[in-house]
Each structure stands twice: as structure tokens, then as C-alpha cells.
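Listed below are the residues making up each chain.
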Amino acid sequence: MTDKTQDIEAVYAAIHGFTHNLMSEEGLGIDPLVVAAVLASTALAIYKTTLAEDDFNDIVDAIADSRGHVKPFIPPQGSVQLH
């Protein structure tokens, strides 16, 4: 496994657990749509800051084009369902 793959998996696991804690009743109980909006906005801001304009537009298009491949949010193993 490459360092980049390990980084992606580590960040994914950390963000996944953090977002679950924000949304779960055992955590802060924040509306999942609010959490999703903040995460999406933050991701787009990072892309906008770090990419050239053409690359930014390409990634936004790629995100929109992948809407049919998005999977539901599955809480971390051993936790309670959100709804």
C-alpha cells in the first residue's frame, strides 16, 4: 500500500468517525444535512484554494458526474444508526 493510499484511508476513517459523532444522538446530534453542507463547502473551498481554475472546474464536474455512484453513509462499526 502506498503512503498516499494510507493517508487517504487514515483521513477517511478520521472524518467518518468525526462526522458520525457530530450527527449521532450519543454525540452532538447535529442535523446530518448541516454536517454534509459544511463538509461539502469545506471540500470545495480546499479545491478552489489549491487548484488552478480549469482543474477546479474539472473536479466539480467530476463530482457532479459521480452522483450515481454515491453510497449511503454507514456509521462506524459498533455504533448506533442515525435515523
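Higher on the page you've got the structure.
Every value quoted in this text rests on a predicted model; they were computed, and no experiment measured them.

Just checking my understanding: could you explain the environment of Q77 for this structure?
With respect to the secondary-structure elements, Q77 resides in the segment after α3 (53-65). Distance from Q77 to F56, taken between C-alpha atoms, is 34 Å for residues 21 residues apart in sequence.

Would you mind showing me how to read a negative patch on the surface here?
Taken together, E53, D54, D55, D58, D61 and D65 make up a surface patch of like negative charges. Among the residues examined, D65 registers a relative accessible area of 63% and is labelled exposed.

Explanation requested: the packing of helix α1 (residues 3-23) against helix α2 (residues 32-50) in the structure shown.
When two helices pack together, their arrangement is given by the angle between their axes and by how far apart the axes lie. Remark: α1 packs on α2, axes separated minimally by 9 Å, with the N-to-C direction vectors making an angle of 145°. Remark: the crossing between α1 and α2 carries right-handed chirality. Contacts between α1 and α2 involve T19, L22 and M23 on the former and, on the latter, P32, V35 and L39. Across the contact of α1 with α2, the residue classes break down as 5 nonpolar, 1 polar and no charged.

So what exactly am I meant to see when it comes to a nonpolar patch on the surface here?
On the surface, L28, I30, V34 and V38 cluster together into a nonpolar patch covering about 350 Å² of accessible area. Residue placement: V38 occurs in helix α2.

Can you walk me through α2 in this structure?
Because each turn of an α-helix spans 3.6 residues, side chains separated by three or four positions in sequence point in the same direction. A rise of 1.5 Å per residue sets the reference length of α2, with its 19 residues, at 27 Å; its end C-alpha atoms lie 27 Å apart and thus fit the reference within 8%. Measuring from the backbone nitrogen of L33 back to the side-chain oxygen at the start of α2 gives 2.9 Å, which picks out D31 as the cap.

What's the story with α1 in this structure? I'm lost.
With 21 residues, α1 extends 30 Å from end C-alpha to end C-alpha; this agrees with the ideal 30 Å at 1.5 Å per step. Taken as a whole, α1 has its buried residues at H16, T19, H20, L22 and M23. One face of α1 carries all of its buried residues, which in axial projection span an arc of 150°. Of the exposed residues in α1, the ones pointing more than 90 degrees away from its buried face are D3, V11 and F18.

What counts, and at which threshold
- Residues numbered from 1 in each chain as written.
- Predicted model: local features only at pLDDT ≥ 70, side-chain atom pairs only at ≥ 80, totals over all residues.
- Heavy atoms only, no water.
- Helix = DSSP H or I, 4+ residues; strand = E, 2+ residues; numbered from the N terminus.
- Patch = residues over 30% accessible without salt bridge, like charges linked within 9 Å, V, L, I, M, F, W, Y side chains within 5 Å.
- Areas by Shrake-Rupley, 256 points an atom, 1.4 Å probe, with all protein chains shown as cover.
- Salt bridge = Lys/Arg side-chain N within 4 Å of Asp/Glu carboxyl O.
- Lys, Arg positive; Asp, Glu negative; His and termini not counted.
- Charge placed at Lys NZ, Arg CZ, Asp CG, Glu CD.
- Buried < 20%, exposed > 50% of the residue type's maximum accessible area, 1.4 Å probe, protein only.
- Axes fitted to C-alpha atoms, helices over the stretch in contact; angles between N-to-C directions.
- Left-handed = near helix turned anticlockwise from the far one by under 90°.
- Contact = heavy atoms within 4.5 Å.
- Nonpolar A, V, L, I, M, F, W, Y, C, P; charged D, E, K, R; others polar.
- Expected span 1.5 Å × (residues − 1).
- Polar contact = N/O pair within 3.5 Å; in protein donor to acceptor, adjacent residues only side chain to side chain.
- Arc of directions from axis to C-beta.

So far we have only geometry, and geometry alone does not tell us how the molecule works.
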